[in-house]
Amino acid sequence: MRFRVFVLLTFLASCATRQETPPAEPPPPLEPPVVKENVAVAGLMQSARNDAAAGRLVQAAASLERALRIEPRNPRLWHELARVRLRQGDGAQAANLAARSNSFAGSDAQLRAANQGIIEQARTAR
């Protein structure tokens, strides 16, 4: 009797079809986060660039500092302020601001390189 049950179970096991699970779909590609620029920050940045181009460095710095109060983790604002401070002859502060920009720059190699240029110019000026 045991033998018949064994044979029957073996037979049923061999007849059963194995259902395979379909392969998992690959995850969607990672897309960079969409950065929504604050309108006020964009306006202040443009104002600062215009002032800096016209040689009004004090006003440019003031606009950038106001923008940084709105977006304190914006690496471009820190970079622009570093450029202004370098033009004002404050190399030590320019280097510190460029380093702070790098701390928020993530994988932006172009911004990191520009910050490194400011740091090197500040060292040369000392």
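It should be noted that the structure appears before, not after, this text.
Residue positions are given per chain, counted from 1 along the sequence in the order it is written. Per-residue local features are limited, in this predicted model, to residues with pLDDT of at least 70; the limit for side-chain atom pairs, both in listing and counting, is 80 or more; totals at the level of whole chains, interfaces and linings are taken over all residues. The side-chain numbers reported here are obtained from all heavy atoms of the structure, hydrogens and water having been left aside.

**Q** Describe the overall build of the protein chain, listing the residues and the values that go with them.
**A** A run of DSSP states H or I qualifies as a helix once it reaches four residues; a run of E qualifies as a strand once it reaches two. Both are numbered from the N-terminal end. Looking only at helices and strands, the protein chain has six helices and zero strands in total. Along the chain direction, N to C, the helices and strands of the protein chain fall in the order α-α-α-α-α-α. Scored against the burial criterion, the 126 residues of the protein chain give a buried share of 29%. Considering only intrachain contacts with a sequence separation of at least 6, the fraction spanning at least 24 residues in the protein chain is 46%. Here the accessible surface of atoms and residues is derived via Shrake-Rupley with a 1.4 Å probe, and residues count as covered only by protein chains that are part of the display. Counting only carbon and sulfur atoms, one obtains 56% of the accessible surface of the protein chain, whose full area is about 9500 Å². Burial classification: accessible surface area is computed with a 1.4 Å probe over protein chains only, and a residue below 20% of its type maximum counts as buried, one above 50% as exposed, and the rest as partly exposed. A contact between two residues is defined here by any heavy atoms of the two lying within 4.5 Å.

**Q** So what's going on with the packing of helix 3 (residues 57-70) against helix 4 (residues 75-87)? Residues and values would help.
**A** The interhelical angle for the contact between helix 3 and helix 4, taken along N-to-C directions, is 155°, at an axis separation of 10 Å. Considering their axes alone, helix 3 and helix 4 lie roughly antiparallel with respect to each other. Every pair of crossing elements has a handedness; the one defined by helix 3 and helix 4 is left-handed. Here Leu57, Ala60, Ala61, Leu64, Glu65, Ala67 and Leu68 of helix 3 lie close against helix 4, whose contacting residues are Leu77, Trp78, Glu80, Leu81, Val84, Arg85 and Arg87. For this scheme, ten residues count as nonpolar: Ala, Val, Leu, Ile, Met, Phe, Trp, Tyr, Cys and Pro. Four count as charged, namely Asp, Glu, Lys and Arg, and the remainder, Gly too, count as polar. Tallied by class, the residues present in the contact of helix 3 with helix 4 amount to 10 nonpolar, no polar and four charged. For helices, the fitted line uses only the C-alpha atoms of the stretch in contact; every axis is such a line through C-alpha atoms, and the angle between N-to-C directions lies from 0 to 180 degrees. Roughly parallel means an angle under 35 degrees; roughly antiparallel, over 145; roughly perpendicular, 65 to 115; everything else is oblique. Crossing handedness follows the turn of the near helix against the far one: under a right angle anticlockwise gives a left-handed crossing, and clockwise gives a right-handed one.

**Q** Describe in detail the pattern of salt bridges, supporting the description with residues and values.
**A** Here the idea is simple: oppositely charged side chains can pair when their charged atoms come close. We define a salt bridge as a side-chain nitrogen of Lys or Arg found within 4 Å of a carboxyl oxygen belonging to Asp or Glu. Per the stated rule, a full pass over the model turns up five salt bridges. Here arginine 56 ties to aspartate 51 by a salt bridge, and the two come within 2.8 Å at their closest N and O atoms. Among the ionic pairs, glutamate 80 bridges to arginine 83, the shortest N-O distance being 3.4 Å. In this pair, glutamate 80 and arginine 83 are both assigned in helix 4, three residues apart and thus about one turn of the helix distant. Linked by salt bridges that have partners in common, Arg49, Glu80 and Arg83 make up one network.

**Q** Tell me about the packing of aromatic side chains, and please be specific about residues and values.
**A** Each aromatic ring pair is summarised here by two numbers: the centre-to-centre distance and the angle between the ring planes. Pairing of aromatic rings covers Phe, Tyr and Trp, the last counted by its six-membered ring, and requires centre-to-centre distances within 6.5 Å; plane angles under 30 degrees mean stacked, over 60 mean edge-to-face, and any other angle means tilted. If you walk through the whole model with that rule in mind, you get zero aromatic pairs. Consider the ring centre and the ring normal. A charge sits over the ring if Lys NZ or Arg CZ is within 6 Å of that centre and within 35 degrees of that normal. When the ring centre of tryptophan 78 is taken as reference, the NZ or CZ atom of arginine 100 above it lies at 4.6 Å.

**Q** Before we move on, can you summarise the side chain of glutamate 80 with the specific residues and values?
**A** Its relative accessible area of 10% is what places glutamate 80 among the buried residues. If we skip the residues at most four places from it in the chain, glutamate 80 touches Met45, Arg49 and Leu64.

**Q** Break down helix 3 for me, citing the residues and quoting the values.
**A** To estimate how far a helix should extend, the number of its residues minus one is multiplied by 1.5 Å. In this model, helix 3 (14 residues) spans 20 Å end to end at C-alpha, consistent with the 20 Å of a helix rising 1.5 Å per residue. Among the residues of helix 3, those classed as buried are Leu57, Ala60, Ala61, Ser63, Leu64, Ala67 and Leu68. For helix 3, the buried positions fall inside an angular range of 160° around the axis, keeping them on one side. For helix 3, the exposed residues lying more than 90 degrees away from the buried face are Val58 and Arg69. Packed against the buried residues of helix 3 are helix 2 (39-53) and helix 4. It is the directions from the helix axis to the C-beta atoms that the arc portrays.

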